[in-house]
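Take a look at the letters that make up each chain.
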Amino acid sequence: MSIDQAHTSPKWRRSTFGRFARVFNGSDYTAVEVDSGGYPVYGSGGEFRRASDYLFEGESVLFGRKGTIDRPLYVNGRFWTVDTMFYTDIDTRTLLPRFAYYWATTLPYGEWATDTALPSMTSTAIKAAPIVVPPMVEQRAIADFLDRETAQIDAFIAKNEELIALLTERRTATIT
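Conventions we followed
- Residues numbered from 1 in each chain as written.
- Predicted model: local features only at pLDDT ≥ 70, side-chain atom pairs only at ≥ 80, totals over all residues.
- Heavy atoms only, no water.
- Helix = DSSP H or I, 4+ residues; strand = E, 2+ residues; numbered from the N terminus.
- Contact = heavy atoms within 4.5 Å.
- Areas by Shrake-Rupley, 256 points an atom, 1.4 Å probe, with all protein chains shown as cover.
- Polar contact = N/O pair within 3.5 Å; in protein donor to acceptor, adjacent residues only side chain to side chain.

Novice: Would you mind going over the overall build of the protein with me for this structure?
Specialist: Across its full length, the protein holds five helices and nine strands. In sequence order, the protein lays out its α and β elements as α-β-β-β-β-β-β-β-β-α-α-α-β-α. By principal-axis analysis of the C-alpha atoms, the protein measures approximately 65 × 45 × 35 Å. Residue pairs in contact within the protein that sit at least 24 positions apart in sequence constitute 67% of those at least 6 positions apart. For the protein, the accessible surface area stands at approximately 10700 Å², while carbon and sulfur atoms represent 52% of it.

Here it is, written out as C-alpha cells:
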C-alpha cells in the first residue's frame, strides 16, 4: 500500500500525535546522578550519565527540546531525561512506540524550530504533529521491517568503520 493510499484508507487513522501520547518535560539530573549502576540519563545524543532514580518506565520516544531537536530516540525500560528533552507516555493500545519512533524520524523539525539562536521545540508542536496510524498488526509489521533494515545498515556501517580503521593503521605503518 502506498503512502497516498494509506492517507485515504479507512483502516489508517489520520490524527495528531497528541491523541495517542502525552508529552512530558525532562528534569535536572544532578541531584540523582551516580557514577555507576542506576538508570540511564538521556540527552539529545543518547545516554550520557546514570541516575539513582528514574522519571519513566516503559517504551517511550524522546524528543529534543533545545539544541539538537531533530534526532528522536526510542527507549525501553526505566530512564531519566534531562531538562532539554521531552519524553512520551504513549497509549500502547493504539500506537506502537517503535512505530511512533520511526514516524518521529520523518518529522520536519526545521519548520517547527523556534526562531532563536538555539533551536527549540515545543511540546505543543509535537502533540499537534500529524500522524497516520495503521492498525496495530500493520504498525508492528512496519516497525519489524524497519528494525531489520536499519540493523543491517548499522552492521554495514560498523564493518566499514573497521575497514577504515585498518586502512588508516596500514597507511600510518607504511609511512613510518
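Novice: Mind showing me how you'd approach the environment of Asp 89 here?
Specialist: The residue Asp 89 is located in strand 8 (residues 85-90) in this model. Sequence separation of Asp 89 and Arg 49 is 40 residues, and the distance between their C-alpha atoms is 22 Å. Discounting residues that sit within four places of it in the chain, Asp 89 has contacts with Phe 20, Ala 21, Arg 22, Phe 24 and Phe 56. There is a polar contact of 2.8 Å between the side chain of Asp 89 and the side chain of Arg 22.

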